[in-house]
Amino acid sequence: TTTGTLQIGGDSYPDEFFAGRIDEVRIYNRALSAAEIQTDMNTAVGAPPDTIPPSVALTEPAGGSTVFSLVRVAATATDNVGIAGVQFFVDGQALGAEATVEPYSVNWDPSSVAPGSHVLTARARDFSNNTTLSAPVSVTVAAATPGLAGQWAAPVAWPIVAVHANLLSTGEILAWDGQNNGNDARLWNPTTGVFTSVPNNLTNIFCAGHCQLADGRLLVAGGHIAAHVGLSDTNLFNPATRTWARVAPMAVGRWYPTTTTLPDGRILVTSGEINCNGCFAPIPEIYNPQTNVWTQLTGASLGLPYYPHMFVLPDGRVLAAATTEDMIVTRVLNIGTQTWSVVDPNPVDGGSSVMYSSGKVMKSGRSVDPDQVVIPSVATTYVLDMTQASPQWRQTSPMMFARTFHTLTLLPDGTVLATGGGPTTDAIGVGSAVLSAELWSPATETWTTLPSMQKPRLYHSTALLLPDARVLVMGGGRFNGVNEPTDQLSSEFYSPPYLFKGARPAISSAPASATYGGNIAVQTPDAARIASVSLVKLGSVTHSINQDQRFLQLPFAAAGGTLNVQAPANANLAPPGYYMLFILDTNGVPSVAATLQLQ
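A.B. asks: Residues and numbers for the pairing of strand 50 (residues 562-566), please.
C.D. replies: Direction of pairing for strand 44 (residues 519-523) relative to strand 50: antiparallel, over a ladder of 5 bridges. Paired with Gln523 across the two strands is Thr562, which belongs to strand 50. Bridge analysis of strand 49 (residues 556-559) against strand 50 gives 4 bridges, and the strand direction is antiparallel. The partner of Phe556 across the bridge, within strand 50, is Val565. Between strand 49 and strand 50, which pair antiparallel in sequence order, lie 2 residues; one of them, Gly560, sits at a positive phi of approximately 65°.

A.B. asks: Explain the state of the cysteines residue by residue, including any values.
C.D. replies: This structure, assessed with the given rule, holds 1 disulfide. Across the disulfide, Cys276 is cross-linked to Cys279 (sulfur-sulfur distance 1.5 Å). Looking at the unpaired Cys207, the closest cysteine sulfur is the one in Cys276, lying at 16 Å. Unpaired in terms of disulfides, Cys211 finds its nearest cysteine sulfur in Cys207, a separation of 17 Å.

A.B. asks: Please give an account of the layout of surface pockets that cites residues and values.
C.D. replies: Counted as a void, the largest pocket has a volume near 850 Å³. Every element with two or more residues in the lining of the largest pocket is listed here: strand 3 (55-60), strand 4 (66-67), strand 5 (71-78), strand 38 (436-441), strand 39 (446-452), strand 45 (530-537) and strand 51 (577-585). Among the elements that take part in the lining of the largest pocket, strand 39 stands out by supplying 5 residues, more than any other. A per-class count over the lining of the largest pocket returns 19 nonpolar, 13 polar and 5 charged.

A.B. asks: Explain the sheet that holds strand 51 residue by residue, including any values.
C.D. replies: With mixed pairing, 5 strands are arranged side by side in an open sheet as 43-52-51-45-48. Among the strands making up the open sheet, the edge pair consists of strand 43 (513-514) and strand 48 (551-554).

A.B. asks: Describe the pattern of salt bridges, and please don't skip the residues or the numbers.
C.D. replies: Inspection of the entire model under this criterion finds 17 salt bridges. One salt bridge connects Arg478 with Asp177, and the closest N-O pair in it is separated by 2.6 Å. With Arg478 in the loop between strand 41 (471-475) and strand 42 (490-495) and Asp177 in the loop between strand 15 (173-176) and strand 16 (185-188), the pair connects residues that are 301 residues apart, well separated along the chain. A relative accessible area of 3% means that Arg478 is categorised as buried. Within the structure, one salt-bridge network assembled from shared partners comprises Asp177, Arg478 and Asp487.

What counts, and where the lines are drawn
Residues numbered from 1 in each chain as written. Predicted model: local features only at pLDDT ≥ 70, side-chain atom pairs only at ≥ 80, totals over all residues. Heavy atoms only, no water. Pairing = 2+ DSSP bridges. Helix = DSSP H or I, 4+ residues; strand = E, 2+ residues; numbered from the N terminus. Disulfide = S-S within 2.5 Å. 1 Å grid on protein atoms, 1.4 Å probe; cavity = no way out; pocket = protein on both sides within 12 Å on 5 of 7 lines; lining within 4 Å. Points joined across faces, edges and corners; volume = space filled by probe spheres on them. Nonpolar A, V, L, I, M, F, W, Y, C, P; charged D, E, K, R; others polar. Salt bridge = Lys/Arg side-chain N within 4 Å of Asp/Glu carboxyl O. Buried < 20%, exposed > 50% of the residue type's maximum accessible area, 1.4 Å probe, protein only.

In structure tokens, the structure reads:
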């Protein structure tokens, strides 16, 4: 420099800062971190060498845990200047390459070592090569038995691709196909394996939104004319008569809308494309099943990408946590005032979402418009606690696999199952689809890798929790049309680990309905060993989001052979409709659910 300053990138430093002590200029072919720049500056100006070692602690897996499949080994590390890298070890042997960026982690396949006890450590290194070894963490490596990992059953052939799937109060699955086959709806009995054709000859209901009314009928809003062109039709399916009826239409056509059952039993519909790519319906509408009338919320206009992930909060407002197509700024809708409020102005992604506890939401993976250029998926996971005074998304441990097009399913013990998806946003990339399932623990906010299903489940795949506590995974395909090589005409049952931990508790009898705040008397011969009671709403799923999914743990007291279970206090906590009531023993084993109508 000849101007009295040293120019480094876009920053200028006065000559006095270096006091004429510049002996060399180093040129790198990469961007330096702030810590590296500071270290070089300290060396250049003759600052004292950094002799303070970093600190480091292992955070995953937990000490004393049992690992049986691909697992993340992670650590936190800090230093007075900066961390150059963290090296992980198993029994003193290096595990992969040094991790040089946060979060510091590496994936470890425990099958690379013998079963038994093993010691994990992490060594942090700063830019002056000071190092610190973490305290050791001991884990047990075991074989992936069903009691640890669960078990997949062989695929079952289907006559359709289950793009849309719903668990009805009768115990049957109502599913329908996609593209030009959107009229082809089937009932499937999971017990007998029998399919019954129940076509909707009124509307092509592909790419509609759907959820259940309080009386158990399924409402389907919108449908398919052509790509990005929606219908205003509203259809109801009656499980008792197995018939369709078209009722009052919406004000505008909607393709890929979301429907949400409100605490008063009305149905909220949001978003959906009207008649062109990106032409989202901005005005929400509400359907009143008592009057067969739709009402527009003209004061609540907001353009949301298609299939927003909507959840009723404990205070009655409705949260827009994410969308299937794109990341959004998280907002809440006050139905009474027809106003949206920003919750967290920083958009973070999530391709699938669940409200895993009252007011608490988790989302993971990538959202995407599948018509756009193919990009890598992400494994990121975030949680949001809307019961806090100033809620914000908080990043937690990521999934083991990056995923797009996956589905999150709530289980009776409060954990969350991730199935399907792929490492990129390629909707038909079945050759690289992620077959391994993962299980998320709300207690530790970490993921566990589970066994692999047999069929690839990407775009248009679905998953539902069943009353027997298994998960049914279906569909995938129908991206460009019908009868493509990538269409998945099958389903698979997954039995979670809790089904292999001992005899199941049994419900002898339970009431068919309950009122808010009332008592639910559940008869069981296993009352003495029941540890928890949970309520899970019958699911209604498509395009990575279950529009009816909800989970609550209910207080109870045992009295002889009776469990006196306290029903949810109000409809904000559990909107009216049909639920599965599970009792779980001290080993976490769930019963077969009783079907209960909250009203």
